[in-house]
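Observations on chain architecture
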Amino acid sequence: MMNVRKYNPVLKKRLEELAGRGVAADFERFFSGLSNAERRTAGYLLGEEILPQLQMQEQFFRLFFTVVPANPKAFLGTFLKALVALYRQGTVRIAEVDWAGYARLASSVDRSKILVTLLPALNAAEEVETLLRHFGSESTEARVACLIRGGTVPCYYLLFQTLRRADDNSELLRRCCLLLMRKGDSVSFNMACVIRQYFGVENLPGTFSLKLKPYQLGRLDLNEQILLKLLKGE
């Protein structure tokens, strides 16, 4: 792994000025004039210090939707890292963002990168659904794979809702259980158990310790907090 110099006050000041203006062409010209080492430092400073310090959601996304489409290969990863930090700080609310314009421009590779990076960080099913609506596939199988990869309770709640609409696909249901079991963590294994019992999936390897009562299964579609308690074995 290449070492990244994390301190350069001249670069930082210039990047702060660029962030204040928010002109994509200025970012492009600035980064193109840097050496490889300077570019790595600038990327670090932008993603770890400058963008995460922005105080307003509108300011961050004005930059995101201006700078990233101009050169996704150079900037998407940096902006996504900062977006996760801002989300965890409570600065950004994913479901309130108008993603439609950017989503029309994003390549399939960029869409996948957005989902892989952001879904594991989200705390609510509404937010996961927002990103899936704009960046996900219409294929049930692709949606299922994406939610399993996300691996959180909000993702698993939407996985459960998705499977309810495909409950006649026994092969998909069994494959979901196997994928969840292979992840190895207790929440995923318990989710496999929930799917097994709710949909009557048979012939699965392994032993399931989670035993759900009929009334528990009947309440699963109410909200994700009920599922959260089950997945945590409460």
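Residues numbered from 1 in each chain as written. Predicted model: local features only at pLDDT ≥ 70, side-chain atom pairs only at ≥ 80, totals over all residues. Heavy atoms only, no water.

**Some points on the side chain of His134**
Summarising the element assignment, His134 is placed in helix 8 (residues 125–135). Take His134: its relative accessible area is 18%, and that puts it in the buried class. Look past the residues within four positions of His134 in its chain and what remains in contact with it is Trp99, Ala100, Ala103 and Arg111. (Helix = DSSP H or I, 4+ residues; strand = E, 2+ residues; numbered from the N terminus. Buried < 20%, exposed > 50% of the residue type's maximum accessible area, 1.4 Å probe, protein only. Contact = heavy atoms within 4.5 Å.)

**Notes on the environment of Leu173**
Mapping Leu173 onto the fold places it in helix 11 (residues 170–183). Relative accessible area serves as the criterion here: at 3%, Leu173 is assigned to the buried category. Aside from chain neighbours lying at most four places away, what touches Leu173 is Leu163, Asp167, Ile195, Phe199 and Val201.

**Describing unusual backbone geometry**
Look at Asn203: it is not a glycine, yet its phi comes out positive at around 60°. Locating Asn203 in the fold gives a position in the loop between helix 12 (186–199) and helix 13 (214–218). What makes Asn203 exposed here is its relative accessible area of 65%.

**Observations concerning the state of the cysteines**
Joining two cysteines, a disulfide is a covalent bond between their sulfur atoms. Summed over the entire model, instances satisfying the criterion amount to zero disulfides. Summary of cysteine pairing: Cys146 is not part of a disulfide, and the nearest cysteine sulfur, belonging to Cys155, is at 7.1 Å. The thiol of Cys193 is not disulfide-bonded; the next cysteine sulfur, from Cys177, is found 8.9 Å away. (Disulfide = S-S within 2.5 Å.)

**Some words on the packing of aromatic side chains**
Summed over the entire model, instances satisfying the criterion amount to 20 aromatic pairs. Relative to Phe64, the ring of Phe61 lies with its centre 5.9 Å away and its plane at 45°, an arrangement referred to as tilted. Note that Phe61 and Phe64 are positioned in helix 4 (residues 57–67) at a spacing of three residues, about one turn of the helix. A relative accessible area of 5% means that Phe61 is categorised as buried. By the ring-pair criterion, three or more aromatic residues cluster together here, those being Phe60, Phe61, Phe64, Phe65, Phe79, Trp99, Tyr102 and Phe135. (Phe/Tyr/Trp six-rings, centres within 6.5 Å; stacked < 30°, edge-to-face > 60°.)

**Considerations on the confidence of the model for the protein chain**
For the protein chain, per-residue confidence averages 88 on the pLDDT scale, and residues scoring 70 or more make up 97% of the total. Per-residue pLDDT, averaged within each element of the protein chain, yields its smallest value for helix 13 (72) and its largest for helix 7 (residues 108–118) (97). (pLDDT = per-residue confidence, 0-100.)

**Comments concerning the pattern of salt bridges**
Evaluation of the coordinates by the stated rule reveals nine salt bridges. In this structure, the salt-bridge partner of Asp26 is Arg21, at a minimum N-O distance of 3.2 Å. By relative accessible area, which is 15% here, Asp26 ends up buried. Taking the shortest distance from any N to any O, the salt bridge between Arg29 and Asp26 comes out at 2.5 Å. Within this pair, Arg29 and its partner Asp26 are both found in helix 2 (residues 24–32), separated by three residues, close to a single helical turn. Judged by relative accessible area, Arg29 falls into the exposed class, the value being 54%. Sharing partners across several salt bridges, the network here consists of Lys13, Arg14 and Glu17. (Salt bridge = Lys/Arg side-chain N within 4 Å of Asp/Glu carboxyl O.)

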